[in-house]
Amino acid sequence: LPPRRAVELMVGVLDALAAAHAQGIVHRDLKPSNVLLGADGRARVMDFGIAARVAGGADGRIVGTPGYLSPEAARGEAPSPRMDVFSAGVMLAELMLGQRLLHESDPLRALRRVQVEDLQLPPSGDIDDGLRSIVQRALSRDPQQRHDSAAALRDALTAWLQAGAAGGAAADAADAAGGTHGTLDFLLRRMRHKSDFPALGESVVRIQRTASSETESLGSLSAEILRDVALTNK
């Protein structure tokens, strides 16, 4: 999913987890199959069958699904909201990547790996530094380095969404105020910094040549973009 849509879905999941955490309950088995989307598009967290209270203490049992369990859960430590934060971080990463974050078919090996390896988001131009930092914090092997609750992670993601919306609105306003040159500058900034623009060698070279020319018109640039459907959609 596009990062913004993935974050919006995860905010709904974190709302549910935050309500549970406020009651001292840890889900302990957050994974894609335990999240359902309603007809209204809202995420709903299901299956609290192995949920536990924070004050329950450790009994040494390992419960949950390998691949989504936090390192401390894989060691059988006492339930903590930070366990759910880790699982939510894994889910959000997978929503954006469209693939498993911890590739391991052997459950026991998955439990060992999560205890000794740091999960890392692979390079992706769609995920900006701010969002990457939030997700990587949620995936920290050290629970003390993570967000301390689902509410804290939700608030960080909500702030990222709001910053993106505000930045877009401010850029649009500035471009509108700048008239034609403002619009051209906006398009050029997008093409320089947004890595989701298609990497179409010849088209990009021609566009860059047109944009840097002292004599070419905005019409020439527009015509060059319109020659390619993918660029036109952007």
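Look above for the structure.
This text gives an overview of the structure that appears in the document. Please read these numbers as outputs of a predicted model, since none were measured by experiment. (Residues numbered from 1 in each chain as written. Predicted model: local features only at pLDDT ≥ 70, side-chain atom pairs only at ≥ 80, totals over all residues. Heavy atoms only, no water.)

Attention shifts here to the packing of helix α3 (residues 81–97) against helix α5 (residues 129–138). The contact between α3 and α5 brings their axes to 8 Å, and the two run at 140°. Judged by the inter-axis angle, α3 sits oblique to α5. Two secondary-structure elements touch here, α3 through V85, F86, G89, L92, A93 and M96 and α5 through L131, V135 and A138. Its residues assigned to classes, the contact of α3 with α5 comprises eight nonpolar, one polar and no charged. (Axes fitted to C-alpha atoms, helices over the stretch in contact; angles between N-to-C directions. Helix = DSSP H or I, 4+ residues; strand = E, 2+ residues; numbered from the N terminus. Parallel < 35°, antiparallel > 145°, perpendicular 65-115°, else oblique. Contact = heavy atoms within 4.5 Å. Nonpolar A, V, L, I, M, F, W, Y, C, P; charged D, E, K, R; others polar.)

A separate point is empty space enclosed by the protein. Going through the model one piece at a time under the given rule, you end up with two cavities of 30 Å³ or more. Approximately 60 Å³ is the volume found for the largest cavity. In this structure, the largest cavity is lined by R28, R61, V63, L69, A73, G76, E77, A78, P79 and M83. A class-by-class count of the residues in the lining of the largest cavity yields six nonpolar, one polar and three charged. There is about 40 Å³ of room inside the second largest cavity. With three residues, the single largest contributor to the lining of the second largest cavity is α3. Classifying every residue of the lining of the second largest cavity by side-chain character gives four nonpolar, two polar and two charged. (1 Å grid on protein atoms, 1.4 Å probe; cavity = no way out; pocket = protein on both sides within 12 Å on 5 of 7 lines; lining within 4 Å. Points joined across faces, edges and corners; volume = space filled by probe spheres on them.)

Taken as a whole, this structure holds 13 salt bridges when the rule is applied. Here R113 ties to E117 by a salt bridge, and the two come within 3.2 Å at their closest N and O atoms. Exposure remark for E117: the relative accessible area of 32% places this residue in the partly exposed category. Across the pair R141 and D118 runs a salt bridge, and its minimum N-O distance is 2.8 Å. With R141 in the loop between α5 and α6 (150–193) and D118 in the loop between α4 (107–116) and α5, the pair connects residues that are 23 residues apart, well separated along the chain. Counted as one network, the salt bridges with shared partners bring together E104, R109, R113 and E117. (Salt bridge = Lys/Arg side-chain N within 4 Å of Asp/Glu carboxyl O. Buried < 20%, exposed > 50% of the residue type's maximum accessible area, 1.4 Å probe, protein only.)

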